[in-house]
Amino acid sequence: MALKAFWDRLRGRDPASPQSPAAEPEPTPPPPVVPLPPDPFSPPPYATTPAVPELPPVPPPVPEPPPRPAPPIARDERGAVEEALASTEPDVPPPAPIEPEPEPAPAEARGGWLARLKAGLSRSTARLTDALTTAFRKRRLDDEALEELEETLISADLGLPASRRIVDSFRRTRFGREVTEQEIKAALADQVAEILAPVATPLVIDRARAPHVVLVVGVNGTGKTTTIAKLGQQWRREGFRVMFAAGDTFRAAAVEQLQIWGERTGCPVVAPQKPGADAAGLAHDALARARAEGAEVLLIDTAGRLHNKAALMEELRKIIRVIRKLDASAPHSVLLTLDATTGQNALSQVRTFKEMVEVTGLAVTKLDGSAKGGVVVALAQEIGLPVHMVGVGERAEDLRPFTARDFARGLVGLD
């Protein structure tokens, strides 16, 4: 009891008073809420977005009905419509009929052989005439003038012997006289034509020797295959039966090129079975076939070779030995093609080929791309082999028989 009374005192209750439940305190009302002034820096309150009501579903599109065809127009109405359209449209002339392009005129009508020769020799002519124009302007033909003339001719690739021959003739006939540039050109053309006249010999096909065998030789790039094609086309037009032999067996492109030309010109081609075949054996087979088929001309192509290579030159001799087993007189013509752009080097080529394979004539090609056409005069003066033909272009008619007067006048720029 004493302990209980002690606890009661600690808890603040009087032990003598009766225990009763403690009365609950009354709730204290909350303090009134005072509204605060708005903050100028605070963002404005967001407005509440009203809910969007759902839309009813869109009905599918109704397909359009197909267009109704227009009612047919009666005949009288059609005519009225056409008249109305015709009255509103501008008058447009009917298109002119397309006329076929005129065929190109023949080569002779476009200026003739002399004009093409002169055009082909223009670079050589300019080199020669420019020097003559500078040296001779109404002056006396004295020793100094003759010396300048000789230097001009040598620089134009006429060679020393031909140049001295021309100058000596001028010294005998015109020394001490006043001459003009035109007089010098005319006299020079006469002197050049006199040198060229003995070698201006066409290549004539002998039908009695059918087939007439023409062996075409030369160094690389002188135009042997192209010359064969041009000759074949020209002789075919003259009525000869021509056959080609693709003897350049080391170069497949040369064989293919000759086969293409054979198709164009109608000349059969004897070609090797494989690259690198024996050229002498091919020439033998071609001659046998030409005999069997009645060909009148057999043109034999050969591989290009340097004139200073003895082993390659010996192969040409072998070709000649082999075809002579069938015809002791073959080849009847050995044609050496010369590139005019080589200049004085052509002289050494001619001397070597002539010694090795008995060259009978020359074909001077590429005069249209050369400033060294005067080398033909040097060849005529120093070697004297017949110059059968000259070439001044890519067409068949640009390979023509060599004429001394035309070449001389073309070389000095005279018509």
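All chains use their own residue numbering, which begins from 1 and follows the written sequence. In keeping with the predicted nature of the model, local features appear solely for residues at pLDDT of at least 70, side-chain atom pairs appear and are counted solely at 80 or more, and the whole-chain, interface and lining totals rest on all residues. To get the side-chain values, take all heavy atoms of the structure and skip hydrogens and water.

Chemist: Which residues make up the layout of surface pockets, and what are the values?
Modeler: Considered as a void within the structure, the largest pocket measures approximately 240 Å³ in volume. Looking at the largest pocket, it is lined by 15 residues, and the ones nearest its centre are L203, Q234, W235, E238 and P401. Of all the secondary-structure elements, those providing two or more residues to the lining of the largest pocket are α8 (224-237), β9 (387-391) and β10 (399-401). Its residues assigned to classes, the lining of the largest pocket comprises nine nonpolar, two polar and four charged. Using a grid of 1 Å spacing that covers the protein atoms alone, one calls a set of points a cavity when a 1.4 Å probe fits there but cannot get out, and a pocket when the set is open and has protein on both sides within 12 Å along at least five of seven lines; lining residues are those with an atom within 4 Å of a point. Grid points are joined across faces, edges and corners, and a volume is the space filled by probe spheres set on the points. Here the second largest pocket is characterised by a volume of approximately 210 Å³. Along its surface, the second largest pocket is lined by 15 residues, and G221, K224, T225, D248 and R251 are the ones closest to its centre. We count a stretch as a helix when DSSP gives it H or I for four or more residues in a row; a strand needs E for two or more, and each element gets its number in order from the N terminus. When residues in the lining of the second largest pocket are grouped by element, the largest group, three residues, is from α8. We call Asp, Glu, Lys and Arg charged. Ala, Val, Leu, Ile, Met, Phe, Trp, Tyr, Cys and Pro are nonpolar, and the rest, Gly among them, are polar. For the lining of the second largest pocket, the per-class residue count stands at two nonpolar, nine polar and four charged.

Chemist: Describe the side chain of T227, and please don't skip the residues or the numbers.
Modeler: Note on placement: T227 falls in helix α8. Distance and chemistry together define a polar contact, namely a pair of N or O atoms within 3.5 Å, with one atom able to donate a hydrogen and the other to accept it when in protein, and with adjacent residues in sequence counting only for side-chain atoms on both sides. Here G223 takes part through its backbone oxygen, which lies 2.6 Å from a polar atom of the side chain of T227.

Chemist: Explain the packing of helix α5 (residues 143-155) against helix α6 (residues 160-174) to me, and be specific about the residues and the numbers.
Modeler: In this analysis an axis means a line fitted to C-alpha atoms, helices contributing only their contacting stretch, and an angle means the value between N-to-C directions, from 0 to 180 degrees. Following both chains from N to C, one finds α5 and α6 inclined at 150°, their axes separated by 9 Å at the closest point. The angle between α5 and α6 falls in the class roughly antiparallel. The chirality of how α5 crosses α6 is right-handed. Contact residues: D143, L146, L149, E150, L153 and I154 in α5; L160, S163, R164, I166, V167, F170 and R171 in α6. By the definition adopted for this analysis, an angle is roughly parallel if under 35 degrees, roughly antiparallel if over 145, roughly perpendicular if from 65 to 115, and oblique otherwise. Left-handed is the label given to a crossing in which the near helix is rotated counterclockwise from the far helix by less than a right angle, and right-handed is the label when the rotation is clockwise. Note on definitions: a residue-residue contact is assigned when non-hydrogen atoms from the two residues lie within 4.5 Å.

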